[in-house]
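Residues per chain are reported as follows:
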Amino acid sequence: MSTMTLTQVHLVDSDLTKENPKSSLKSVDVIIENGTISHIVAAGEGQQLNQQDPNNTVINADGALLLPGIIDLSAHFHNVASETAAAAKGGISLLCAQPNSHKSITDTPAAVNLIQQASDDAGNSHLLPLGALTQGLKGEQLANMHGLMASGCIALTNARAPIKNALVLRRIMEYAATHDTLIMLTAEDVNLSGGGKMHEGPTANRLGLTGIAEVAETTSLAQQLLLVELTGCRAHFSQLSCARSVAMIRQAQAQGLAVTADVAIANLLFTDADVDGFDSTFNVQPPLRNETDRLALLDGVNDGTLAICSNHRAHDIAAKKAPFAAAEAGMSTLDTWLPMMLTLVKNNELSLGALVNASSVLPANILGLTTAIKVGNLANMVLVNSNNEVLFTEDTLISAGKNNPVLGMPLVGEVRLTLSEGCEVFRA
Amino acid sequence: MTRHADPTQVQLTADGRLKHFLTTEGLTKSLLTEILDLADSFISTQERAVKKVPLLRGKTVVNLFFENSTRTRSTFELAAKRLSADILNLDIARSATSKGETLMDTLWNLEAMYSDMFVVRHADSGAAHFIAEQVTPGVAIINAGDGRHAHPTQAMLDMLTIRRHKGTIEGQTVAIVGDILHSRVARSQIHALKTLGAKEVRVIGPATLVPKEMAALGAKVFYDLEQGLADADVVIMLRLQKERMSDALLPSESEYFKLYGLTEAKLALAKPDAIVMHPGPINRGVEIDSAVADGQQSVILNQVSYGIAVRMAVMAMAMSGQASEQAAEKSQGETL
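Predicted model only: the values in this text are computed from it and were never measured.

Right, let's talk about the environment of Gln9 of chain B for a bit. With respect to the secondary-structure elements, Gln9 of chain B resides in the segment before helix H1 (29-46). Residues Gln9 of chain B and Leu22 of chain B, 13 residues apart in the sequence, show an inter-C-alpha distance of 9.8 Å.

Below, the structure written as structure tokens:
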């Protein structure tokens, strides 16, 4: 029997809907017994409840925010131990592991078990394996979709590997609909991308870098939405980057299609202008687009259309130490994802309610989980001093990837405690 | 959010002197003019029997060419020799990196040889910039062409050509014709021309080869050669690579020549005293008619000889900028 009492927390109401995006804060004490939330009482009343328990850990939150467990819909893990530790310190409770992240491609039940084992061994924030949609992620033959789900995958995806043949895509969707399997898709016509490495626009032209046109994403999204309509499958679109795409998702949802979508945190903070100077840290897939896109993506998050993912990808130094186009794509973001979001809140670009919705409530709904802070639920939560300034450096990052875009930049959001599936995985 | 200082300033010392030469973008008019003036003075030394000046005596210059090039490399080699430097030519296109060595590994190896200057050509945009950020302080980087981004010494020799033939760059209308999309030369020319006061810079070609974003650099986009050439003072033809046809950017060489090839009849639309330039090597009958390439208005061969002088100028200036920065840092270290 172990008990944890969090006193004087500002609980952010997770009962947020699109109609009610403004979050309400209330000051409470929260008691967790054996990993399960047992009491939520008015501030000051919690301490009496467990005074006799010798194993009671009391944490005086002193007004810090308690947010429902943050769920990352997309992260890549090469080294599970270091990266889940980074997530724990970063305040993230649950993370979807992309199928091309671990030692092998997650296209067999054995590979799924390998990830689950690595996650259990690490004992940090809990990983939710994403299985491959096609064998070897080649986009040609269907993976054993049902078997992968039965072995514990939370959803299936082809990561950002293309499924070029639309007939294969249609078959995947039909098969997924048969078993009501959630599939996660990306929107990119790789022929239209033309080997580009950044957004097609004035900056790409000035730097002489091949651009990826907006239509590379939108034509692919349009095609896939029509196929979703035809097949009736449940589809989540990962890492959208264009303003037009947000409008297309809104329209599809209004039409009644079972589609959801997310945006990578990088696309909410940065634009193609940040590539100036050829900084390979900003070489990401999908590319950072222009300010109009960034603002439309923020709108999409604020109105509840889009979830936010870390799109974390740790690279060793050599992978990024190259001229821009020759460097590997991807950013390391797990350590700083929550502070990046809270900094957007501080800058009045994101509401706190939208933050909770986009990083916890919506991902939970998409995956069929719950991380709400309610009596009887397993404790998935993060305690964070949202106004405290934090500064990250290469030395303070836990992630093995130092390719983080906000090193040396003042952010807010000091994580004090992270609980994942009832377990304490980080305490400052 | 941003974490960058102005990236074009990497090539300058704290007091605004050239220490690398990576791009013509972001350099002041006076600095570009200083390059042209110094190059002018070197042209006179080139006409002497003894052509060497001792500005880089005892310095080691490494020609680091990750892309094949005979002409540009030879002019850099000659320029270094005429400045009395020791020069090492490394044809990386055929050596180390093709064996899997990374750009960084190659650089560290070369730095261990205590070189003072790298002249770099690389297929990736930003490569010279990247190397400049990585090398030991005191080593100068001269960009001899990076991807589609910049070819600043070519642009400056073109500026020198215009200035010597037209007297000034100010007030000139310059038409750049052809494959603008893939051209590092065009980008560097546009920045230099705008800074040096050209009246109008036009880019001319089909939409597959002329990005509309060129307008953001201050160039006026034309899809029609006749309209674009009207009353131009300077006509710069760009080389058309054979790959453009297989990349589905153009139907054929013959259709391209018909629409965008420079003939005497089309040149007649420009000002009567207009000059015709080309960074070479030329494709006769593809982008330019032989009669024009060899004609009265062509200054193509003059460009080549000015190239050595311009390269001498930027090498001398960058080396001296590095020396002054090193001296400044040393004296700062002593006062601390």
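Having seen the structure, we can now continue with the description.
Let us now look at helix H4 (residues 127-134) of chain B. Residue and element names in this part refer to chain B. Within H4, six of the eight residues are buried, which leaves it mostly tucked inside the rest of the structure. Among the residues of H4, Ala127, Ala128, His129, Phe130, Ile131 and Ala132 are the ones counted as buried. On its buried side, H4 packs onto helix H3 (103-111), strand S3 (117-122) and strand S4 (140-146).

Residue and element names in this part refer to chain A. The parallel open sheet is built from eight strands, whose spatial order is S6-S7-S8-S9-S10-S13-S14-S15. Because the sheet does not close on itself, it has two edges, and the strands there are strand S6 (70-75) and strand S15 (306-309). If you compare each strand with its neighbour and ignore which way they point, the axes differ by 30° on average. Judged from the four bridges that link them, strand S7 (residues 92-97) and strand S8 (residues 126-132) form a sheet pairing that is parallel. Of the residues in S8, the one forming a bridge with Leu95 is Leu127. The sheet strands contacting helix H11 (residues 291-302) are strand S14 (259-264) and S15, and the helix crosses S15 at an angle near 110°. The sheet strands contacting helix H13 (residues 337-346) are S6, S7 and S15, and the helix crosses S6 at an angle near 110°.

Residues and elements named next belong to chain B. By the assigned domains, chain B splits into domain 1 (7-150 + 305-335) and domain 2 (152-301). The gap between the C-alpha centroids of domain 1 and domain 2 is 27 Å. Across the boundary between the two partners, domain 1 contributes 35 residues, which contact 28 residues of domain 2. Between domain 1 and domain 2, the buried area comes to about 2600 Å², and carbon and sulfur atoms account for 59% of it. Of all residues in domain 1, Leu36, Arg148 and Tyr306 give up the largest surface area on contact with domain 2, accounting jointly for 27% of the area buried on that side. Where domain 1 packs against domain 2, one counts five salt bridges. Two residues, Asp40 and Arg164, come together in a salt bridge whose shortest N-O distance is 2.4 Å. Our enumeration of links across domain 1 and domain 2 arrives at 11 residue pairs in polar contact (both at pLDDT 80 or more).

Residues and elements named next belong to chain B. Tallying each qualifying case throughout the model produces 23 salt bridges over all chains. For the salt bridge of Lys166 with Asp273, the shortest nitrogen-to-oxygen distance reads 3.5 Å. Residue Lys166 is located in helix H5 (residues 152-166), and its partner Asp273 is located in the loop between helix H10 (264-267) and strand S9 (275-277); the two are separated by 107 residues in the primary sequence. Judged by relative accessible area, Lys166 falls into the buried class, the value being 18%. A salt bridge links Asp294 to Arg284, with the shortest nitrogen-to-oxygen separation between them at 2.8 Å. Remark: Arg284 occurs in the loop between S9 and helix H11 (290-293) and Asp294 occurs in the loop between H11 and helix H12 (300-335); sequence separation between them is 10 residues. Asp294 gets classed as exposed once you look at its relative accessible area, which sits at 55%. Overall, the relative accessible area of 43% leaves Arg284 in the partly exposed class. Connected through shared salt-bridge partners, Asp37, Asp40, Arg163 and Arg164 make up one network.

This part takes up the interface of chain A and chain B. Across the boundary between the two partners, chain A contributes 30 residues, which contact 25 residues of chain B. Carbon and sulfur atoms make up 58% of the area that chain A and chain B hide from each other, which totals about 2300 Å². At the junction of chain A and chain B, the tally comes to one salt bridge. A salt bridge links Glu25 of chain B to Arg206 of chain A; the nearest nitrogen and oxygen atoms lie 2.6 Å apart. Our count for the contact surface shared by chain A and chain B stands at four residue pairs in polar contact (both at pLDDT 80 or more). Take the side of chain A that touches chain B: its biggest share by element is four residues, from helix H7 (residues 202-207) of chain A.

Rules behind the numbers
- Residues numbered from 1 in each chain as written.
- Chains lettered and ligands numbered in written order.
- Predicted model: local features only at pLDDT ≥ 70, side-chain atom pairs only at ≥ 80, totals over all residues.
- Heavy atoms only, no water.
- Helix = DSSP H or I, 4+ residues; strand = E, 2+ residues; numbered from the N terminus.
- Buried < 20%, exposed > 50% of the residue type's maximum accessible area, 1.4 Å probe, protein only.
- Contact = heavy atoms within 4.5 Å.
- Pairing = 2+ DSSP bridges.
- Axes fitted to C-alpha atoms, helices over the stretch in contact; angles between N-to-C directions.
- Domains from an automatic or database assignment.
- Buried area = accessible area lost by both parts, 1.4 Å probe.
- Salt bridge = Lys/Arg side-chain N within 4 Å of Asp/Glu carboxyl O.
- Polar contact = N/O pair within 3.5 Å; in protein donor to acceptor, adjacent residues only side chain to side chain.

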